[in-house]
Amino acid sequence: MDNLKELLAMKLPVFSQWSWMPEPASAYAGEFDSLFFFLMWTGLGLFLLVIVPMFWFMAKYRRKNENQKALTQKDHNHLAETLWTFLPMIYLAVCFVWGFLGFLNVYSIPANAKELRVIGQKWNWTIQYPEEGISVSGQGAVVGVPIDTNIRLTMSSQDVIHSFFLPNFRIKQDVLPGRYSTLWFRADKEGEFPILCTEYCGDYHSNMLAKLKVMSKDNYKAWVENLKNANNSLAPKDLGAKLYQSKACVTCHTTDGAPRIGPTFKGLYGSTTELANGSKMKVDDTFIKEHILTPTKTPIKGYPPVMPAFQGQLSEVEINGLIEFIKSFK
Amino acid sequence: MSSHTNYLNAKKGFASWALTIDHKRIGLMYLVSIMSFFLLGGLFALLLRTELLTPAHTIVDAKRYNQLFTLHGAIMVFLVIIPGIPASLGNFVLPLMLGAKDVAFPRINLASYYIYVLGAIVALSSLFVGAIDTGWTFYTPYSTTTDGGVVLMVTAAFILGFSSIFTGLNFIVTTHKLRAPGMTWFRMPLFIWGIYSTAVIQIMATPVLAITLLLLIVERTLKIGIFDPVLGGDPVLFQHFFWFYSHPAVYIMILPGMAVVSELIAVFSQKRIFGYKQIAYSSIAIAGISFLVWGHHMFVSGQSELVGMIFSALTFLVAIPSGVKMFNWLATMNQGSISFKTPMLWALGFFFLFAIGGITGVFLGTLSVDVHLHDTYFVVAHFHYVMVGGTFMAFMGGIFYWWPKMTGKMYSEFWGATSTLMVVVGFNVTFFVQFLMGAQGMPRRYYSYLEQFQIYHQISTIGSYILGLGFVTAMITLLVSLKKGQNAPANPWKAASLEWTHTDVIPIEHNFHEQPVVTEGPYEYR
Ligand code: HEM
Ligand SMILES: [Cu+2]
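Remember, it's a predicted structure, so these values are computed and weren't measured experimentally.

1. Quick look at the confidence of the model for chain B
At step 1: Scored by pLDDT, chain B comes out at a mean of 93, with 99% of its residues at no less than 70.
At step 2: Reported confidences for the modelled complex are a pTM of 0.88 and an ipTM of 0.92.

Below is the structure:
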């Protein structure tokens, strides 16, 4: 799977190997980091506050001979006990308020935001651009967005729970089946930033990667135009090859006869297949189309019923492309 | 010594163990079982870490990897950490500490052990049906749609719940009813307070888990829509139910650890425990508040901001009693006479690691910070610091502490100390880098990962080998002592609680030759 190798080689921009936080790509991420480092330094302080005395006492009061007694049996000190109950409360209250304010920021979506729709499914993301009339999908999909623009994501899942995570923006949100969740961000740095799935969703959970590409407004326009033109001018078989990657058929189907989660495409077209209910079907254009759109109607014997339904996600042109692609593996 | 009869040699033969109603023998049987599962769970962990040496395929494929982390988690949580200290050490020590002959319901106690064994068998049999790959959290609708032995594993957790409830019930009644004359509530060792608070959570929270798991089974087998939106259910409802149990459950895990550490710090400093009442009440406070914080596992699940805010505030509240205990232990060491015998080394290790676990808990309780850190390796590191660095370190300390009472043998201090050191070093190497990679955005439950994380994963894997070796060394040290160890005196640590002061080297079947009468607190060292 060259596709996968390339994905894993993707770099998440960080300051340096040993820094705590990946490089921030939004104003919010910068604010977040101040809080994180506040927790980090005060946390270190607290840690030293208990660990230094521990080592100090260990050294100073270690038992030097068997019968050594404790210096005192005093077992309470009202002042100390009050202090160590109430001082932490103040500290924790600060953390709480600061964290809550940031949290409100993450989930209060500006009214004028540009909307993208996100669909999670095992094991890739589809991002639809209602305004531009385009969509991108597949493992490693490149999700273009313009810089300095409020972007609102309306997200849902086609199967199990996923979670949409943008480390460089310090945000994530679960993506649920049967309901919509939202998230927003405003990128202030050009570059490529990974999108990861952070809710465990099965075999290829860790390959459910995509790339957020932040571009200047002009470049973004050009990117959209390019994408619009690309699909119409491709030869059907090449379009199929592209979809084979981007719709993640590749995760389950090989083209060289090797077994994977689903049947291989090699020699598939024109063969006869046995369904789970025992009946036999010829793999022709109609069968392939139906199986891509609603795989549960014709489950195939000997394979787990895990293939997602592509109903509503593929145009007629694209389906023809896929059929031609499959046909090409004799 | 050999001329004396004690609980170990009073009766002989397999049946005398299998059918025993002696809390001490039951405690030992639990200890052996729990440690065996710990080794199995640990083996899975080492396989996982080995797989993560490279981002691509190293030794197993993705599916197997997912099964391994599920089994590792489920075994460690349901078969090791949750029963851990209460069922083994608690069973052995609690009646002795209270000056009682046995627990209140000895037969139920034995039944709880067999329910545990049954649960364990059902859990492991899921391996043969096709191992489960949902993670130990069984989130729906993944768990209702994936294949493999989900029903079996869930049934196992359901069964194990009963074992937990039986044990809890027994401890509560025993504490209320069977205290020796003169043993007032505030003359009970803090170990009892901790185990008692744990028992309260056990009997109150476990039924919720049981019902949740039952609903899951119903949905999977009968296709009645509860959690799966395809059937008309609500996917997040499961998480609410699950964490309503499982958050209190993390206190089922840690309170007994704190309970053990309170004993160890006092005894090995030969000093009356500082702030006795504050520690006792803080256990109860933790037990209470722990029921009200479950939503902090779901800050990014789409629950409302208001709900998030409330759960964050309550989460911080629960941190306070934990902090209070830390300060009290420190103050106990101050001006003490501190000896560094093996049990104390485990307790100091606990102190060091639990401090880190608690402080990183504050990061996670802080709402906006949790949004970034949730479901990354930062959380993995946090809960290992509290569950292994905290609970399991305390468990080991407790085993080394009560070992002479259980077996009548002393172990090699040199090897005891060496194993503790290996565990503390190995642990930090394994898990500290996980904070770093988690903060940088490495999600948990990932079979492969972006190349830049490889260096952290490799360090972590090397640490895990040291850690594993440390635990194995500790266990060998104990086992060798059975053959080669010197005979122990009745009270090797100069402790002041009844299990040391009023029993034979190895206690007799009914614990005490005559009913002890208590006239002072458990920490009067002289
Ligand atoms: C100062 C005390 C503590 C605080 C403030 C705290 C806070 C938190 C928070 C907010 C989370 C959720 C993180 C997330 O999923 O994004 C969490 C996770 C967790 N905590 Fe703690 N915690 C504390 C102590 C403990 C203790 C004592 C234990 C157990 C012995 C524990 C075990 C866990 C576990 C198992 C998880 C992860 C569960 C999972 O995701 O599977 N924590 N903690
Ligand atoms: Cu996912």
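2. Examining the coordination of the copper ion (ligand 2)
Residue and element names in this part refer to chain A.
At step 1: Around the copper ion (ligand 2), the protein contributes the donor atoms His162 (ND1), Cys197 (SG) and Cys201 (SG), which lie 2.1 to 2.3 Å from the metal centre.
At step 2: On the primary sequence, the residues serving as donors to the copper ion (ligand 2) are separated as H-x34-C-x3-C. Of the two residues, histidine 162 sits in strand E6 (residues 162-166) while cysteine 197 sits in strand E9 (residues 191-197), which places them 35 residues apart along the sequence.
At step 3: A relative accessible area of 0% places histidine 162 in the buried class.

3. Looking at the site of ligand 1
Residue and element names in this part refer to chain B.
At step 1: What surrounds ligand 1 is a group of 20 residues, the closest being Asp370, His374, His382, Phe383 and Arg444.
At step 2: Histidine 382 places a side-chain nitrogen or oxygen 3.0 Å from a nitrogen atom of ligand 1.
At step 3: Within the side chain of arginine 444, one N or O atom sits 2.7 Å away from an oxygen atom of ligand 1.
At step 4: Of all the secondary structure elements, the ones that give two or more residues to the shell around ligand 1 are helix H9 (235-269), helix H11 (305-333), helix H12 (342-365) and helix H14 (377-407).
At step 5: Looking at which element gives the most residues to the shell around ligand 1, the answer is H14, with five residues.
At step 6: Residues that form the shell around ligand 1 fall into these classes: 10 nonpolar, eight polar and two charged.

4. Topic: the sheet that holds E6(A)
Residues and elements named next belong to chain A.
At step 1: Ordered by their spatial adjacency, five strands build an open sheet running E4-E10-E9-E6-E7, and the pairing between neighbours is mixed. Lying at the two open borders of the sheet, with one neighbouring strand each, are strand E4 (141-146) and strand E7 (171-175). Direction aside, the axes of adjacent strands within the sheet are offset by 25° on average.

5. What to know about the coordination of the iron atom of ligand 1
At step 1: Protein coordination of the iron atom of ligand 1 is limited to a single donor, His382(B) (NE2), which sits 2.3 Å from the metal.
At step 2: Inspection of the secondary structure assignment puts His382(B) in helix H14.

6. Overview of the packing of aromatic side chains
Residue and element names in this part refer to chain B.
At step 1: Per the counting criterion, the structure on display carries 75 aromatic pairs over all chains.
At step 2: A ring pair is formed by phenylalanine 158 and phenylalanine 162, whose centres lie 5.4 Å apart and whose planes are at 75°; its orientation type is edge-to-face. Here phenylalanine 158 pairs with phenylalanine 162, and both are found in helix H7 (residues 150-177), just four residues apart, close to one helical turn.
At step 3: With relative accessibility at 37%, the residue phenylalanine 162 sits in the partly exposed group.
At step 4: Here tryptophan 329 and phenylalanine 350 contribute two aromatic rings whose centre-to-centre distance is 5.7 Å and whose plane-to-plane angle is 75°, an arrangement assigned as edge-to-face. You can see tryptophan 329 sitting in helix H11 and its partner phenylalanine 350 sitting in helix H12, a full 21 residues away along the chain. Comparing tryptophan 329 with phenylalanine 350 shows no difference in burial state: the two are buried.

7. Observations regarding the packing of helix H2 (residues 27-60) of chain A against helix H3 (residues 78-107) of chain A
All names here are of chain A.
At step 1: Running from N to C, H2 and H3 point in directions that differ by 160°, and their axes come no closer than 11 Å. Here H2 lies roughly antiparallel to H3, going by the angle between them. At the point where H2 passes H3, the crossing takes the left-handed sense. Each of Tyr28, Glu31, Ser34, Leu35, Phe38, Leu39, Thr42, Gly43 and Leu46 in H2 lies in contact with H3, whose residues at this interface are Tyr91, Val94, Cys95, Trp98, Gly99, Gly102, Asn105 and Val106.

8. Observations regarding the environment of Ser16(B)
All names here are of chain B.
At step 1: In this fold, serine 16 is placed in helix H1 (residues 14-18).
At step 2: Among residues more than four places away in sequence, those in contact with serine 16 are Lys11 and Arg25.
At step 3: Separated by 3.4 Å, the side chain of serine 16 and the backbone oxygen of lysine 12 make a polar contact.

Calculation rules
Residues numbered from 1 in each chain as written. Chains lettered and ligands numbered in written order. Predicted model: local features only at pLDDT ≥ 70, side-chain atom pairs only at ≥ 80, totals over all residues. Heavy atoms only, no water. pLDDT = per-residue confidence, 0-100. Donors = N, O, S within 2.8 Å, 3.2 Å for Na, K, Ca; no water. Helix = DSSP H or I, 4+ residues; strand = E, 2+ residues; numbered from the N terminus. Buried < 20%, exposed > 50% of the residue type's maximum accessible area, 1.4 Å probe, protein only. Near = heavy atom within 4 Å. Polar contact = N/O pair within 3.5 Å; in protein donor to acceptor, adjacent residues only side chain to side chain. Nonpolar A, V, L, I, M, F, W, Y, C, P; charged D, E, K, R; others polar. Pairing = 2+ DSSP bridges. Axes fitted to C-alpha atoms, helices over the stretch in contact; angles between N-to-C directions. Phe/Tyr/Trp six-rings, centres within 6.5 Å; stacked < 30°, edge-to-face > 60°. Parallel < 35°, antiparallel > 145°, perpendicular 65-115°, else oblique. Left-handed = near helix turned anticlockwise from the far one by under 90°. Contact = heavy atoms within 4.5 Å.

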